[in-house]
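Each chain is listed here by its residues.
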Amino acid sequence: STFYERYHSLEDIYHWINRTQQDNPNMVKAILIGSSYEKRPLYVLKLSVNNRPNKKAMWIDCGIHAREWISHAFCLWFVQNSLSFYKLNQDITRILDNMDVYILPVMNPDGYQYTWTTNRMWRKNRSVSKSSNCIGVDLNRNFDANWCTEGASDEPCTEIYCGAFPESEPESQAVANFLRSHKDSVQFYLSIHSYSQMLLFPYSCTLDEAENHKDLLEMAQEAAQAIRRYYRNTYKYGSGAKTIYLAPGGSDDWAYNLGIKYSFTFELQDRGRYGFLLPPSLISRACNEALIAVKTIALKVIEKT
Ligand SMILES: Nc1ncc(C[C@H](C[SeH])C(=O)O)cc1Cl
Ligand SMILES: [Zn+2]
Ligand SMILES: [Zn+2]
Ligand SMILES: [Zn+2]
């Protein structure tokens, strides 16, 4: 099986980032947006095929949760597919001609490394708290969106520990800073997770409906329909609070409140048979399903703006 149908160590992904930039100097640029708690680099790959004035952009982050390995695999898959099929596939060509794409393949490198060396089921980052022997903050409860209310915990030993304060973690702070400084061009935010096959949009932190709920629902529905039509697989869709659970401090809610009105979290395969331990043989199916969903929504964002 090819490189993109296998899971890769953190070091291999860093090598891949370098090689991808070197092999595609006109389309790919690696941007260092910060570093992790253990001082590992956070690299964003910028895909850009032209320098149109006030061009829009989309953002995809992967690996906010360390054990969700299909997420990291999707970011690599998306970059490879975009570079390989630009000018050959009309959807990818239309997307790249109209939008720059910022991709963060490993948002939580310390946690990812830890799942390779020590504990495959690790979720959080690896920061040390002053008040407890337990390690790690749930980066998807650390953003400033109803921070640390119901659905998160102020207990460092829990899997949904919200951290000492919003953006207390270097990883979430780096992402928030980058998006704050690019909020006028970024129109579409996407965070990739696993598992349970869902296409989620704001809000997760409250049962209130987002002001463009109808748009978001229509986009998610079309994406889920595309997956069903092309891959005969079922993805649920809806606002996070109603579809999965009430949970505050998530990156998608925060990005939405920043002004990025098309904001989504995808939960990729599967439904629980393998869960986080999705076998490599299912990587291509899972990534193709996510890819058609991303393309469907990206094309609708381009239409609407
Ligand atoms: N805003 C959000 N959007 C999606 C989710 C679901 C993910 C699934 Se792993 C999580 O629990 O962090 C959670 C939140 Cl807080
Ligand atoms: Zn090396
Ligand atoms: Zn997750
Ligand atoms: Zn999940």
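Use the structure listed above.
Rules and cut-offs
Residues numbered from 1 in each chain as written. Chains lettered and ligands numbered in written order. Predicted model: local features only at pLDDT ≥ 70, side-chain atom pairs only at ≥ 80, totals over all residues. Heavy atoms only, no water. Salt bridge = Lys/Arg side-chain N within 4 Å of Asp/Glu carboxyl O. Helix = DSSP H or I, 4+ residues; strand = E, 2+ residues; numbered from the N terminus. Buried < 20%, exposed > 50% of the residue type's maximum accessible area, 1.4 Å probe, protein only. Donors = N, O, S within 2.8 Å, 3.2 Å for Na, K, Ca; no water. Tetrahedral: all angles 85-135°; square planar, octahedral: opposite > 155°, others 65-115°. Pairing = 2+ DSSP bridges. Axes fitted to C-alpha atoms, helices over the stretch in contact; angles between N-to-C directions. Contact = heavy atoms within 4.5 Å.

Caption draft 1: Structural context of the pattern of salt bridges. Counted according to the given criterion, the structure contains 12 salt bridges. Between Asp110 and Arg40 there is a salt bridge, with its nearest N and O atoms 3.0 Å apart. Taken as a pair, Asp110 in helix α4 (residues 109-117) and Arg40 in the loop between β1 (28-35) and β2 (41-47) lie far apart in primary sequence, 70 residues in all. What makes Asp110 buried here is its relative accessible area of 1%. When its relative accessible area of 23% is taken as the criterion, Arg40 is described as partly exposed. Residue Asp100 pairs with Lys46 through a salt bridge whose shortest N-O separation is 3.9 Å. With Asp100 in strand β4 (residues 99-104) and Lys46 in strand β2, this residue pair connects regions lying 54 residues apart in the sequence. When its relative accessible area of 19% is taken as the criterion, Lys46 is described as buried. What you see here is one network of salt bridges that share partners, running through Glu38, Arg40 and Asp110.

Caption draft 2: Focus on the coordination of the zinc ion (ligand 3). Donor atoms from the polypeptide that coordinate the zinc ion (ligand 3) comprise His65 (ND1), Glu68 (OE), Glu68 (OE) and His193 (ND1), at 2.1 to 2.3 Å from the metal. Between the four donor atoms coordinating the zinc ion (ligand 3), the angles at the centre fall across 56 to 153°, so the site counts as irregular. Mapping the donors of the zinc ion (ligand 3) onto the primary sequence yields the spacing H-x2-E-x124-H. Between the two metal centres, the zinc ion (ligand 3) and the zinc ion (ligand 4), the spacing is 3.6 Å.

Caption draft 3: Examining the sheet that holds strand β5 (residues 186-194) more closely. What the eight strands build is an open sheet, ordered β1-β2-β4-β3-β5-β8-β6-β7; its pairing is mixed. Only two strands of the sheet have a single partner each, and these edge strands are β1 and β7 (236-239). Pairs of neighbouring strands in the sheet enclose a mean axial angle of 20°, with direction left out of account. Packing against the sheet, helix α3 (residues 90-98) makes contact with β2, β3 (56-62) and β4, and its axis sits at approximately 95° to β4.

Caption draft 4: Seen up close, unusual backbone geometry. In this structure, the amide linkage connecting Pro202 to the following residue, Tyr203, adopts the cis form with an omega of 5°. You can see Tyr203 is positioned in the loop between β6 (198-201) and α6 (213-231). Cis peptide bonds are those with omega within 30 degrees of zero, and the linkage from Gln269 to Asp270 qualifies with 0°. A positive phi angle is found at Lys87, which is not glycine, with a value near 80°. Of note, Lys87 is situated in the loop between α2 (69-85) and α3. Non-glycine residue Ser196 carries a positive phi angle of around 145°. Structurally, Ser196 can be placed in the loop between β5 and β6. Residue Ser196 is classed as buried on the basis of its relative accessible area of 17%.

Any functional reading would require information beyond the geometric quantities listed.
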